[in-house]
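Chain residues, written in single-letter form:
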Amino acid sequence: MVKKIITFLILATLVSCSSSKPTIATTKKAAVQRPRVATTKKPAYSKPIGKNYPSTNNTTEVIQSTSKTVVTSDLVNNYILQFKDIAMGNMTKYGIPASIILAQGILESGAGRGDLALDANNHFGIKCHSDWLGESVRHDDDSAQECFRKYTEASESYRDHALFLVGKKRYASLFTYEKDDYKAWAKGLRACGYATDPNYPDKLISYIERYNLHQYDCQVTGRNYKPFEKSVAVKSAPTSNTNINPNDPNLYEVQKGDTLYSISKKFNLMVDDLKQKNNLSDNALSIGQKLKVQ
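What counts and how
- Residues numbered from 1 in each chain as written.
- Predicted model: local features only at pLDDT ≥ 70, side-chain atom pairs only at ≥ 80, totals over all residues.
- Heavy atoms only, no water.
- Disulfide = S-S within 2.5 Å.
- Helix = DSSP H or I, 4+ residues; strand = E, 2+ residues; numbered from the N terminus.
- Axes fitted to C-alpha atoms, helices over the stretch in contact; angles between N-to-C directions.
- Parallel < 35°, antiparallel > 145°, perpendicular 65-115°, else oblique.
- Left-handed = near helix turned anticlockwise from the far one by under 90°.
- Contact = heavy atoms within 4.5 Å.
- Nonpolar A, V, L, I, M, F, W, Y, C, P; charged D, E, K, R; others polar.
- Core = buried A, V, L, I, M, F, W, Y, C linked by side-chain atoms within 4.5 Å.
- Buried < 20%, exposed > 50% of the residue type's maximum accessible area, 1.4 Å probe, protein only.
- Phe/Tyr/Trp six-rings, centres within 6.5 Å; stacked < 30°, edge-to-face > 60°.
- Pairing = 2+ DSSP bridges.
- Bend = angle between axes of the 7 residues up to and from the residue.
- Salt bridge = Lys/Arg side-chain N within 4 Å of Asp/Glu carboxyl O.

**Considering the state of the cysteines**
In step 1: In total, this model carries one disulfide according to the counting rule given.
In step 2: Across the disulfide from cysteine 128 sits cysteine 147; the S-S distance is 2.0 Å. Of note, the bridge from cysteine 128 to cysteine 147 carries an S-S torsion of about -65 degrees and is left-handed in sense. Taken together, the residues cysteine 128 in the loop between helix H5 (115–120) and strand E2 (136–139) and cysteine 147 in strand E3 (residues 146–149) connect sequence positions 19 residues apart.

**Remarks on the packing of helix H3 (residues 73–94) against helix H9 (residues 214–221)**
For any two helices packed against each other, one specifies the inter-axial angle together with the distance between the axes.
In step 1: H9 packs onto H3 with a crossing angle of 40 degrees between their chain directions and a minimal axis gap of 10 Å. With respect to their mutual orientation, H3 and H9 come out oblique. As for how H3 packs across H9, the hand of that crossing is right-handed. Between H3, through Ile80, Lys84, Met88, Met91 and Thr92, and H9, the contact on the second element is made entirely by Tyr216, Asp217, Gln219, Val220 and Thr221.
In step 2: For the contact of H3 with H9, the residue count by class is five nonpolar, three polar and two charged.

**Comments concerning unusual backbone geometry**
Generally, phi is negative for residues other than glycine and the peptide bonds are trans, each holding for most cases.
In step 1: Positive phi, normally seen in glycine, also occurs at asparagine 121, with a value near 55 degrees.
In step 2: Even without being glycine, glutamine 145 reaches a positive phi, approximately 50 degrees.
In step 3: By the element assignment, glutamine 145 lies in the loop between E2 and E3.

**Notes on the nonpolar core**
Most often, soluble globular proteins keep nonpolar side chains buried together rather than apart.
In step 1: In this structure, Ile80, Leu102, Tyr194 and Leu213 are the most contacted members of the largest nonpolar core, which totals 41 residues.
In step 2: Elements that contribute at least two residues to this core include exactly H3, helix H4 (98–109), helix H6 (154–167), helix H7 (182–191) and helix H8 (200–210).
In step 3: At eight residues, H3 tops the list of elements feeding residues into this core.
In step 4: Ranked by size, the runner-up nonpolar core spans 14 residues in total, among them Cys218, Val271, Leu274 and Leu285.

**Looking at the packing of H3 against H4**
In step 1: For the pair H3 and H4, interaxial distance at closest approach is 8 Å and the crossing angle is 135 degrees. As summarised for this structure, H3 and H4 are arranged oblique, according to the angle between their axes. For the pair H3 and H4, the sense of crossing is right-handed. Contacts between H3 and H4 involve Val76, Tyr79, Ile80, Phe83, Lys84, Ala87, Met88, Asn90 and Met91 from the first element and Ala98, Ile101, Leu102, Gly105, Ile106 and Ser109 from the second.
In step 2: When the residues that make up the contact of H3 with H4 are grouped by side-chain class, the tally is 11 nonpolar, three polar and one charged.

**Regarding the environment of tryptophan 185**
In step 1: Mapping tryptophan 185 onto the fold places it in helix H7.
In step 2: A residue is classified by how much of its surface remains accessible, and tryptophan 185, at 0% relative accessible area, is buried.
In step 3: Linking tryptophan 185 and leucine 204, residues 19 residues apart in sequence, is a C-alpha distance of 9.6 Å.
In step 4: Once you skip the residues sitting within four places of it in the chain, tryptophan 185 turns out to touch Gly95, Ile96, Pro97, Ile100, Leu174, Phe175, Tyr177, Glu178 and Lys179.

**Let's talk about the packing of aromatic side chains**
In step 1: Taken as a whole and assessed by the stated rule, the structure comprises 11 aromatic pairs.
In step 2: Both rings, one in tyrosine 79 and one in phenylalanine 83, keep their centres 4.7 Å apart while their planes meet at 50 degrees; by these two values the pair is tilted. With a gap of four residues between them, tyrosine 79 and phenylalanine 83 both fall in helix H3, about one helical turn apart. Of the two residues examined, tyrosine 79 and phenylalanine 83, each falls in the buried class.

**Focus on the pairing of E3**
In step 1: Side chains of E3 alternate between two faces, with Glu146 and Phe148 and Cys147 and Arg149 buried alike.
In step 2: Where E2 meets E3, four bridges bridge the pair, whose relative direction is antiparallel. Among the inter-strand pairings, valine 137 is bridged to a residue of E3, identified as phenylalanine 148.

**Observations regarding H3**
In step 1: The largest bend along H3 reaches roughly 50 degrees and is located at phenylalanine 83.
In step 2: Residues of H3 that are buried include every one of Val76, Asn77, Tyr79, Ile80, Phe83, Lys84, Ala87, Met88, Asn90, Met91 and Tyr94, and no others.
In step 3: Buried positions along H3 lie against H4, H6, H9 and helix H11 (271–277).
In step 4: In the segment just after H3, glycine 95 is the residue with positive phi, at about 85 degrees.

**What to know about the pattern of salt bridges**
In step 1: Scanning the model with the defined rule gives 10 salt bridges in all.
In step 2: Lysine 203 is the salt-bridge partner of aspartate 197, the closest N and O atoms lying 2.6 Å from each other.
In step 3: Aspartate 197 gets classed as partly exposed once you look at its relative accessible area, which sits at 22%.
In step 4: Among the ionic pairs, glutamate 253 bridges to lysine 290, the shortest N-O distance being 2.8 Å. A residue pair is termed long-range when its members are at least 10 positions apart, and glutamate 253 in strand E5 (residues 251–253) and lysine 290 in strand E7 (residues 290–292) qualify at 37 residues.

Functional significance is not addressed by these values, which are geometric in nature.
Spelled out as structure tokens, the structure:
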């Protein structure tokens, strides 16, 4: 009987010891697991992508970079008619050729349809510079998001363009040229650093000669205007208009060698007036074409 009791105690002790081992192993595993440490550290090293930080200047408006502006000749002609008087006034007051002013306005503003013209009334691409105290917008140009001047009205941009050229020493050489020497002015603007585009002078000259902008210089100086011949090429095929009475004494039939300028002088008209009377969008004429001259 005593032997059975001793044997029972030994077995009970062995069972008790073996059943406690899994509890110890489980405790150790829980101590080495660290599932939350990596999760909390990741945000500390992650960088936000494309985050926009608010500007500290409340007067600055951030806009997208300018896309190519598509214009028609009608839009360009309407732009010229809208701003030609301002350009001639600035030529009289500041000595800058009206043709150059208009050509720059067309080119820099996309005939008034470019982003800077629409969003900031900036028709000449003038940047802020250190002396600008007015409102501004951000715009991609030579570098990303450069500072450009913002105006309340387009006329303010035209005035500031004149003051900008007159007031900056680096443009002083421009005023040694003749007032109506648009070719010298176009090349001089590029040489003085107004634009970085190497083709800038050619673009200005092209607009001046295609749209007869030099006539406005001549109106200010009182000189006779001679249009650029290539811009008034005469078509060989005549055009017909069923709404025009060929016997109307107020009509003139285009002859070989005629240009808008020669016809305007013959009937004491401005080229612009002649184009408006006949709804002409360019300077091309056709032999036999009937034009309203009265």
